[in-house]
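# Residue-level structure breakdown
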Number of protein chains: 2
Amino acid sequence: MIKIASVARGEIPADLVIHNAKIANVYTLEYEFGDVAVCSGKIAGIGEHYDGIINFDAQGKVLIPGMIDGHVHIEDTMMTPQAFAEAVAVRGTTAVMADPHEISNALGLSGLEYMFRASQGLPIDIFYGAPSCVPASDFETPYEPIDMTTIKIMFDKNLVQHLGEMMNFPAVINGDAEAWGKILAAGNVPLTGHAPNVSGKNLNAYLSSGVSSDHECNEISEAREKLKRGMWIMIREGASFPNLKTLLPLIHENPLNASRCMAVSDDITARYLIEKGHMDEKIRIMVKDGLNPFIALRLVTLSPAEYFRLYDRGGIAPGKIADFSLLESDVIDENFKIRYVWKNGRQTVRDGEVYDISDNETTQHIAPVMKTAVKKIPSLEQLKVKYQPDKNINVIGINERSILTTTLQMKPKVDYDGFAVPDIENDVAKIVVLERHRDTGAFGVGFVKGFGIKRGAVGSSVAHDAHNFVVIGTDDLSIQTALKSLAKMGGGLTVCDEERILQEFALPIGGLMSYLTPAEVSRELEKMENAASNIGIKTAHPFMVMSFLCLTVIPELRITDQGYVDITKGYIQEIFVR
Amino acid sequence: MIKIASVARGEIPADLVIHNAKIANVYTLEYEFGDVAVCSGKIAGIGEHYDGIINFDAQGKVLIPGMIDGHVHIEDTMMTPQAFAEAVAVRGTTAVMADPHEISNALGLSGLEYMFRASQGLPIDIFYGAPSCVPASDFETPYEPIDMTTIKIMFDKNLVQHLGEMMNFPAVINGDAEAWGKILAAGNVPLTGHAPNVSGKNLNAYLSSGVSSDHECNEISEAREKLKRGMWIMIREGASFPNLKTLLPLIHENPLNASRCMAVSDDITARYLIEKGHMDEKIRIMVKDGLNPFIALRLVTLSPAEYFRLYDRGGIAPGKIADFSLLESDVIDENFKIRYVWKNGRQTVRDGEVYDISDNETTQHIAPVMKTAVKKIPSLEQLKVKYQPDKNINVIGINERSILTTTLQMKPKVDYDGFAVPDIENDVAKIVVLERHRDTGAFGVGFVKGFGIKRGAVGSSVAHDAHNFVVIGTDDLSIQTALKSLAKMGGGLTVCDEERILQEFALPIGGLMSYLTPAEVSRELEKMENAASNIGIKTAHPFMVMSFLCLTVIPELRITDQGYVDITKGYIQEIFVR
């Protein structure tokens, strides 16, 4: 005799029964009043008059399936998987599909292994994608490249469930053997994509590889073309790129598209999670936009479950795992708010607070730090840029409203000793990237315009995607102090002024993540941003802006430990031009 | 460099290009004009101006994705997989999900192995489900039972792709270890169901096993409940059970339900395939019923592909296998008709005729016959039923309009020697079932009312589900002649009169299938039905009606080699009752 069948028939008591629930059904888009009986972490039955060992009266409030984020980078929150899980569990999230390419750049395979270990026993399920683009390009220097054999090892070890976003779309389109080898190494799993503005025959070439989703649509026309070509559309609504309102017409114009779309976060911050929320915030935005609430719910439950082949979840139905949340209200509307959450039939959130978070108390003791102590800090002499008479300098132009940079060519400011130096009056600062994974001492120096810094330096070990040390400063002493501060912390964020460290925030886990709680991380980041403001920086999120200046897959001019990189032309660029 | 990417970009010629097609897009429900480029059997790209080594001008006709039948029993057509494939390929079918439980009853694992072998190199892909209910009940005697270890072997050998219909829903609901063991042995694959009229807590119990689909809904209310419980609904439209019109309101009322439903055949005959068609006929019915033609198409392409996790097909899109068909017309309407078909980019149907059918010319030489020659034919003496004075006899009552039978209790006709004999004036004939797989000589004798036979006997080795020999006759000599005829043929259909065989149709493959072409099978069946008609039988499909009298999972009274089976009470029933 099988226990769950007996529970389902109502012959023996369930482990847990949620009574008097108003169940939101994502299959038929309707409410149903009744009980939900749970046995061994699975839903045994739905109906009237179930008895449980534990009985919970839902008092007619809405019960929804556990919500699923189809694409998120946990490292971007600067929190451990455990702290991240707490932050999103209270929002009704019970599973996320995480792309660990940041930690994989910083720590290689062992970074992913840490994330996997740290994700056990949490109030959410974290499924990882194999990072498909480490390094993002040959111009970046990660701890170690993740090649196709390492991808295969990740799958063989069951560390990953899908292929993480294939950002190197030019390589896929061009039939590059390394990129295709990674895709084939992943095998018959969901192959997630990243293909901004790719269309027409290039899109055909990208899709001929089997990649089947995209989260980079900024325009509805782009999303329509990708849908038409058989892709699943991940509608991104994160801390930096809010695309929901732009792309929701896709669903309005044809509700059947809800079966090929989902809402995801991509990048998200601790502050966003605390102040706005997670998938619950997406529901509020969608409902406010006039979408049928059940369809909104489907986009963060059943649809991602189907795309990621998680057949054991996505709706409240017999045989599915018992992941569900009770709202504060008896209707799904703009005030959508989670009050109770159950994961595998176990209550994890009570009255909006995490209640039973983890079996994984030892997580923080096993986290890896930076692989290598950075000792080779450039001398003040080395940081200097010898002026080359009659030449202009290339300068990275920061755009206020876009992640794209431009290549500026300008006459440099030259000091009495014949060195090109920052020109603060014209908002031109010096930028230095120091290799930090192997302590090779390699560094690149350049100039950047538009950061707004007035004195001192800001530094970070969060520098997409290779995450070397990046520092922007007005003078070499401040820059060197910032590098030393980062080296001493083993990674983190820093604000310095000449020899003084004004504010530090250590990120000991791979130089990317801290052990602090969501609220503490949010507070530390605020302190860092205030300190940056105190040395004149007006940009809202200076550390984020700086972190993207090293990312060599977005045009136009970037900088790494190898020097300037011209993305459009695809080569290393000198500082001086004629 | 990867070839398909180069083809997709239009840089080198494709293997095949379909030019000027009006492509039916099942993702966005619209037509698109353009070319489809094929490379190595996959779709490389869609768009304008592709060049191919082979170029085909579609002349603006509609190109649709290859159609998929989500549930069919090939053996019911009495054709080999090869002949079946020919019959459905011309209708635009490129894949079927076949449940081989008939051949598995007749030949055990080797039956499935034959089907698998015979399915290679055909113009369609045939994916098999592991037969989950062999025997259908303990009252039936198949060649060998398929237990959970055999199910596991089938998966380990990659003979099967999903679990075949779990018809033994009472066992699943009751938590029977054998039934659940088969489900667990199948693992994380689509677990297909069969649960007529199962609802409420019994449905919960059935679904708590992970079974996820059903094709037995005869009423829309039943389908709605199953959808709500997370099941996929297979809307059946076969030769005997046409449910499309009844269940289509499901899709009309909520188009999003198209993502959880599909149209399937279940049972189908050679004649139906020839005269009406296959999935094309379902399209015609759906479009005639007012359904959006693209949604109709989705129900036989993308939806079954998604349920059966065939991520490589379901729509015309880059990266999918090149399975598609060109219609005769430039619109999908009630006259929907297939003219050309390509399978893996290779033309298989030209001008409505199979053109390039098979690499598998040797199929018929490796087919297994019946395992055992039947030698133990009951003697005339043994076939007699000694009358027990003052007792009534149980008689199987055939219903004209339903597959259900009733238990009739009536006073028997008794001959001069004191034997209960057929009462032709009252339409009561004798029915005999003889075990044929192991030549045990075991047989059951009973009476049947409502078959309309006036003289002689009809016999068959198609007798659901164990497929022993079944004969209905008016006298023991005719019955014995029919049994001898079946034994001599090694299975088939027969019509006899006393010592004479009036008409025979041999089914040498497991006593279920012939080597003939679809047209020949249809013609032979017609001859058999005419011969049956000549001995007075008025039932339209006497061999089908007779074949279901042995199926011990449908109420009320059935007969097997073990004797009468009372399905409702669940025991062997005697002929005589007080």
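These lines cover the structure that appears in this document, whether it is placed above or below. Everything numeric in this text was worked out from a predicted model, so none of it was measured.

## Considerations on the overall build of chain A
Per the secondary structure count, chain A includes 19 helices and 32 strands. Its C-alpha atoms give chain A a radius of gyration of 25 Å, near enough to 25 Å, the size a compact globule of 578 residues would have. Expressed along its principal axes, the backbone C-alpha trace of chain A runs to roughly 90 × 50 × 45 Å. The buried share among the 578 residues of chain A stands at 65%. In chain A, 68% of the contacts between residues at least 6 apart in sequence involve partners at least 24 apart. When the accessible area of chain A is evaluated, it comes to approximately 19,900 Å², of which 49% is carbon and sulfur surface.

## Considerations on the interface of chain B and chain A
Taken together, the contact between chain B and chain A spans 52 residues of the former and 52 residues of the latter. Note on chain B versus chain A: buried area summed over both sides is about 4,400 Å², and carbon and sulfur give 55% of it. A per-residue breakdown of the area chain B buries against chain A is headed by B:Lys201, B:Lys228 and B:Leu256, which together make up 15% of the total. In this assembly, chain B and chain A are joined by six salt bridges. At the junction of chain B with chain A, the criterion picks out 23 residue pairs in polar contact (both at pLDDT 80 or more).

## Notes on the packing of helix 5 (residues 148-156) of chain A against helix 7 (residues 177-186) of chain A
Residue and element names in this part refer to chain A. Between helix 5 and helix 7, whose axes approach to 8 Å, the crossing angle comes to 15°. When the axes of helix 5 and helix 7 are compared, the pair comes out roughly parallel. The way helix 5 lies across helix 7 gives a crossing that is right-handed. Every residue of helix 7 that contacts helix 5 at Met148, Ile151, Lys152 and Phe155 is listed here: Ala177, Glu178, Gly181, Lys182, Ala185 and Ala186.

## Some words on the relation of the copies chain B and chain A
When chain B is fitted onto chain A, the two copies agree to an RMSD of 0.0 Å after a turn of 180° and an axial shift of 0.0 Å. Taken together, the turn and the small shift mark the pair as related by a two-fold rotation axis. When C-alpha distances to the rotation axis are compared across chain B, the minimum falls at B:Leu256, with a value of 2.3 Å. Same-surface contact between copies: 100% of interface residues of chain B are shared with the interface of chain A.

## With respect to a negative patch on the surface
All names here are of chain A. Residues Asp138, Asp147, Asp176 and Glu178 make up a contiguous surface patch of negative charge. For Asp176, the location among the structural elements is in the loop between helix 6 (169-173) and helix 7. Its relative accessible area of 32% is what places Asp176 among the partly exposed residues.

## Examining the sheet that holds strand 31 (residues 571-573) of chain A
Residue and element names in this part refer to chain A. Across the sheet, three strands lie side by side as 29-30-31; this open sheet has antiparallel pairing. One side of each edge strand has no neighbouring strand; the edge strands of this open sheet are strand 29 (557-560) and strand 31. On average, each strand axis in the sheet is tilted by 45° relative to the strand beside it, whichever way the strands run. Bridge count for strand 29 against strand 30 (residues 563-566) is four bridges, and the pairing is antiparallel. Looking at strand 30, one finds that Ile559 is bridged to Tyr564.

## What to know about the pattern of salt bridges
Residue and element names in this part refer to chain A. Throughout the structure, instances matching the rule amount to 60 salt bridges over all chains. As a salt-bridge pair, Arg500 and Asp497 come within 3.6 Å of each other at their nearest N and O atoms. Taking the relative accessible area as the measure of exposure, Asp497 reaches 12% and is therefore buried. Linking Glu524 and Lys527 is a salt bridge whose minimum nitrogen-to-oxygen distance equals 3.1 Å.

## Section: the side chain of B:Asp566
Residue and element names in this part refer to chain B. Relative to the elements of secondary structure, Asp566 occurs in strand 30 (residues 563-566). Classification of Asp566 as buried rests on a relative accessible area of 3%. A distance of 2.9 Å separates a polar atom in the side chain of Asp566 from the backbone nitrogen of Lys569. Apart from the residues within four sequence positions on either side, Asp566 is in contact with Glu556, Leu557, Tyr571 and Gln573.

Conventions and cut-offs
Each chain has its residues counted from 1, following the order in which its sequence is written. Chains carry letters and ligands carry numbers; both start at the beginning, A for chains and 1 for ligands, and go up in the order they are written. A pLDDT threshold of at least 70 governs which residues receive local features in this predicted model, and a stricter bar of 80 or more applies before side-chain atom pairs are shown or counted, although totals over entire chains, interfaces and linings include all residues. Each side-chain value is worked out from all heavy atoms of the structure, with water and hydrogens disregarded. Here a strand is any run of E in DSSP of at least two residues, a helix any run of H or I of at least four, and the numbering for each starts at the N terminus. Each radius of gyration is computed over the set of C-alpha atoms, and the globule rule expresses the reference value as 2.2 Å times the number of residues to the power 0.38. Categorising residues by exposure relies on relative accessible area from a 1.4 Å probe, with only protein chains included: less than 20% of the type maximum marks a residue as buried, more than 50% marks it as exposed, and the intermediate range marks it as partly exposed. Only heavy atoms matter for contacts: two residues are in contact if any of them lie within 4.5 Å across the pair. Only the protein chains shown count as cover for residues, with accessible areas throughout obtained via the Shrake-Rupley method and a probe of 1.4 Å. Buried area: the sum, over both parts, of the accessible surface (1.4 Å probe) that disappears when the two are put together. Definition used for salt bridges: Asp or Glu carboxyl oxygen within 4 Å of a side-chain nitrogen of Lys or Arg. Here a polar contact is taken to be a pair of N or O atoms separated by no more than 3.5 Å, where protein atoms must pair a possible hydrogen donor with a possible acceptor and residues adjacent in sequence count only if both atoms sit in side chains. Axis angles are defined between N-to-C directions and span 0 to 180 degrees, where every axis is a line fitted to C-alpha atoms and, for a helix, only to the segment in contact. What sets the label is the angle itself: under 35 degrees gives roughly parallel, over 145 gives roughly antiparallel, 65 to 115 gives roughly perpendicular, and the rest give oblique. The sense of a crossing depends on the near helix, which, turned anticlockwise from the far helix by less than a right angle, makes the crossing left-handed and, turned clockwise, makes it right-handed. To line up the copies, we fit them by least squares on C-alpha atoms, keeping just the residues with pLDDT of at least 70 in both. Exposure above 30% relative accessible area and the lack of any salt bridge qualify a residue for a patch; like charges then connect within 9 Å, and the nonpolar side chains Val, Leu, Ile, Met, Phe, Trp and Tyr within 5 Å. In this count, Lys and Arg are taken as positive residues and Asp and Glu as negative ones, while His and the chain termini are left out. The atoms used to mark charge sites are NZ of Lys, CZ of Arg, CG of Asp and CD of Glu. Whether two strands pair depends on DSSP finding at least two bridges between them.

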